[in-house]
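# Observations on the three-dimensional arrangement
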Amino acid sequence: MTAGPGRGDDAGWHTRTAKQRQRQREIAELVVAEGTVRIEDLIERFGVSAMTVHRDLDQLESQGLLRKTRGQVTALSSSLTESGMTFRQTQHNAEKDALAVAALEFIEPGHSVFLDDSTTGLHLARLLPQRAPLGVITHSAAVAAELAREPQISLTVVGGLYHSWCDAYLGQMTVDAIRRIRADTFVMSTAAITDDICFFQTQDTIAVKRAMFDSSAQRILYTDHTKFGQRALHALLPLTEFDVVIVDELTPDVHVDRLRRKGIEVVVAPVPGAAQA
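Residues numbered from 1 in each chain as written. Predicted model: local features only at pLDDT ≥ 70, side-chain atom pairs only at ≥ 80, totals over all residues. Heavy atoms only, no water.

On to the pairing of strand β9 (residues 183–188). Burial analysis of β9 places five of its six residues in the buried class, the great majority of the element. Examined bridge by bridge, strand β4 (residues 112–115) and β9 share three bridges and lie parallel to one another. Within β9, the residue paired with Leu115 across the bridge is Val187. (Buried < 20%, exposed > 50% of the residue type's maximum accessible area, 1.4 Å probe, protein only. Helix = DSSP H or I, 4+ residues; strand = E, 2+ residues; numbered from the N terminus. Pairing = 2+ DSSP bridges.)

For the rest of this paragraph, the subject is the pairing of strand β11 (residues 197–200). Pairing of strand β10 (residues 192–194) with β11, which is carried by three bridges, proceeds in the antiparallel orientation. The residue bridging Ile193 from the neighbouring strand is Cys198, located in β11. Taking the residues that link successive antiparallel strands as the turn, the β10-β11 hairpin has two residues, and the phi of Asp195 there is positive, at about 55°.

Judged by pairing direction, the sheet is antiparallel, and its three strands sit side by side in the order β1-β3-β2 without closing on themselves. With partners counted over all chains shown, the strands left at the sheet margins are β1 (36–38) and β2 (66–69), one partner each. Geometrically, the sheet is characterised by an average inter-axis angle of 20° between neighbouring strands, direction not taken into account. The sheet contact formed by β2 and strand β3 (residues 72–75) spans four bridges and is antiparallel. Its bridge partner lying in β3, Arg67 is registered against Thr74. (Axes fitted to C-alpha atoms, helices over the stretch in contact; angles between N-to-C directions.)

The N-to-C vectors of helix α5 (residues 93–104) and helix α6 (residues 119–127) enclose an angle of 55°; their axes lie 8 Å apart at closest approach. Classified by the angle their axes make, α5 and α6 are oblique. Viewed along their axes, α5 and α6 form a crossing whose handedness is right-handed. Residues Asn93, Lys96, Asp97, Leu99, Ala100, Val101, Ala103 and Leu104 of α5 touch α6, and the partners they reach there are Thr119, Thr120, His123, Leu124 and Leu127. Residues that form the contact of α5 with α6 fall into these classes: seven nonpolar, four polar and two charged. (Parallel < 35°, antiparallel > 145°, perpendicular 65-115°, else oblique. Left-handed = near helix turned anticlockwise from the far one by under 90°. Contact = heavy atoms within 4.5 Å. Nonpolar A, V, L, I, M, F, W, Y, C, P; charged D, E, K, R; others polar.)

Time to look at the packing of aromatic side chains. Applying the stated criterion to the full structure yields three aromatic pairs. The interplanar angle of 85° and the centroid separation of 6.4 Å between the aromatic rings of Phe114 and Phe186 together place this pair among those described as edge-to-face. Separated by 72 residues along the polypeptide, Phe114 in strand β4 and Phe186 in strand β9 bring together distant segments of the chain. Assigned by exposure class, Phe114 and Phe186 land together as buried. Judged by centre distance (5.4 Å) and plane angle (80°), the ring pair of Phe213 and Phe242 falls under edge-to-face. In this pair, Phe213 is assigned in helix α9 (residues 203–214) and Phe242 in the loop between β13 (234–238) and β14 (244–248), connecting sequence segments 29 residues apart. Take Phe213 and Phe242: they sit in the same class, and that class is buried. The ring centre of Phe213 lies 4.1 Å from the NZ or CZ of Arg219, which sits over that ring. (Phe/Tyr/Trp six-rings, centres within 6.5 Å; stacked < 30°, edge-to-face > 60°. Lys NZ or Arg CZ within 6 Å of the ring centre and 35° of its normal.)

Formed by 35 residues in total, the largest nonpolar core has its most connected members in Phe114, Leu239 and Phe242. Those elements that place two or more of their residues in this core are β8 (168–170), α8 (172–179), β9, β11, α9, β13, β14 and α10 (253–261). Here this core takes five residues from α9, the largest share from any one element. Once residues within four sequence positions are removed from consideration, Leu239 is found in contact with Ile193, Asp196, Ile197, Cys198, Leu221, Val245, Leu259 and Ile264. Ranked by size, the runner-up nonpolar core spans 28 residues in total, among them Ala98, Leu99, Ala100 and Val244. (Core = buried A, V, L, I, M, F, W, Y, C linked by side-chain atoms within 4.5 Å.)

What follows covers the packing of α8 against α9. Axis separation between α8 and α9 bottoms out at 9 Å; the angle between their running directions is 5°. If you check the angle between α8 and α9, you find them roughly parallel. Here Thr174, Val175, Ile178 and Arg179 of α8 lie close against α9, whose contacting residues are Ala207, Val208, Ala211 and Met212. Along the lines of polarity and charge, the residues of the contact of α8 with α9 split into six nonpolar, one polar and one charged.

Moving on, we get to the sheet that holds β9. Reading across from one edge, β6-β5-β4-β9-β12-β14-β15 is the order of the seven strands in this open sheet, with parallel pairing throughout. The open sheet has two edge strands, β6 (153–157) and β15 (266–269), and neither has a second partner. In this sheet, adjacent strand axes meet at a mean angle of 20° when their direction is disregarded. Packing of α10 onto the sheet brings it into contact with β14 and β15, and relative to β15 it is tilted by some 155°.

With 86% of its residues at a pLDDT of at least 70, the protein chain reaches an overall mean of 87. Predicted confidence for residues 1–5 stays below pLDDT 50, and this span has five contacts to residues more than four positions away or in other chains. With pLDDT under 50 throughout, residues 78–84 is counted as low confidence; its partners more than four residues away or in other chains account for 16 contacts. (pLDDT = per-residue confidence, 0-100.)

Put into structure tokens, the structure is as follows:
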């Protein structure tokens, strides 16, 4: 995948992009916390132009997180729609760090690894240079950006139709490319767990993750404790199909014990400073 600015402007472009993403995260957090916020208040609070705020809101709206109405913006919530990447990156980061550290123990130098478009995958991507040299295959633009400059990471980005809400490529082109690859390990997260089955909001997500699952020798699921209380529309696979299921230590014992009784290898990742459930 080739994209982005020329070399001379590379540092400035990345700085502007980082500032934009940070501002959008803060806008999303504010609107979710308040429910409804006046657009004029956002312009004043962030000290940017009306055009810039409207551009940020348009991107957040395209991710299914917010809705712009006349003069104000309102938070959205739907069990049928995945929260936008910008918002998900602000949630449960200590737990995601813990899950990533635990998953790293199953990856060896020289392995080839599929990473999905989950925000937990970003946390794992930041640790992968510790296991280099590695081959990493992903459909996530965010993961690709994280690893693009790592000299000992052989990065393969599978393209397709880009979706801003997940900052990743989905669709038949993506699935076809994945099916032509074989990897040692696939590490994935899930949007929801119902009846000990992984669920997601879209069929496109299901198709990509299933292709990665089928193309890998070792399959690892990591999930924070909140996913056991979520619901989504489309089933992917039961947890019994995974070689390892990693949960954080805030996961209630009733879930951990039930999964282990089903014969699932469950790893409980400690979360520094967390009170155990």
